[in-house]
Amino acid sequence: VQLQASGGGLVQAGGSLRLSCAASGRTVSAYTMGWFRQAPGKEREFVAAIRRFGGSTAIADSVKGRFTISRDNAKNSVYLQMNSLNNEDTAVYYCAASMTNILSAIVRRASHELWGQGTLVTVSS
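Nothing here was measured: the structure is a model prediction, and the numbers come from that model. (Residues numbered from 1 in each chain as written. Predicted model: local features only at pLDDT ≥ 70, side-chain atom pairs only at ≥ 80, totals over all residues. Heavy atoms only, no water.)

### Quick look at the packing of aromatic side chains
As a reminder of what qualifies: Under the pairing criterion, centres of Phe, Tyr and Trp rings, with the six-membered ring standing for Trp, must be within 6.5 Å; the plane angle then separates stacked pairs below 30 degrees from edge-to-face pairs above 60, leaving the rest tilted. The helix count covers DSSP runs of H or I at least four residues long, the strand count covers runs of E at least two residues long, and both are numbered beginning at the N terminus. Partly exposed describes any residue whose relative accessible area lies between the buried limit of under 20% and the exposed limit of over 50%, with all areas from a 1.4 Å probe on protein chains only and scaled to the type maximum. Either the NZ atom of lysine or the CZ atom of arginine qualifies as a charge over a ring when it sits within 6 Å of the ring centre and within 35 degrees of the ring normal.
All chains considered together, the criterion is met by 3 aromatic pairs. Between F36 and F46 the ring centres are 5.7 Å apart and the planes differ by 75 degrees, which places this aromatic pair in the edge-to-face class. Taken together, the positions of F36 in strand β4 (residues 32-38) and F46 in strand β5 (residues 45-50) put the pair 10 residues apart, joining distant regions of the chain. The residues F36 and F46 share a single accessibility class, namely buried. Of the aromatic side chains, those joined through ring pairs into one cluster are F36, F46, Y94 and W115. Positioned above the aromatic ring of Y94 is the side chain of R44, whose terminal nitrogen or guanidinium carbon lies 3.7 Å from the ring centre.

Structure, rendered in structure tokens:
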């Protein structure tokens, strides 16, 4: 499967963006799909994931209550709705796919076998 992330851009603090991750080659429902982000000078960190079986979601504490992950099987896409953005959300956001369904694993970068290119989100104050 190939992953194509889009939707990044410049947004003011307090604003919203929706990132999209379009998959080709296989259906997104066959994978646990995740979003990670990497801010300048920092490690890539987990943001959110939607599991391959059942579709339950996992959200990082730093974005809980503000970000939502969803999946549209008909469009073979995964989305990250980001609300109440602040400066700390500025980063390159990556979508990724994993065959695991174990919660403790899906929050780790190493558990995701496939990665899309990143999309840059810049939050201005």
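Let's pick the thread back up.
### As for the environment of V63
The line we're drawing: Contact criterion: two residues are considered in contact whenever any of their non-hydrogen atoms come within 4.5 Å of each other.
Residue placement: V63 occurs in the loop between β6 (57-59) and β7 (67-72). Residue class for V63 comes out buried when judged on its relative accessible area of 1%. Considering only alpha carbons, one finds V63 and S16, 47 residues apart in sequence, at a separation of 13 Å. Excluding its chain neighbours within four sequence positions, the residues that come into contact with V63 are R37, V47 and D89.

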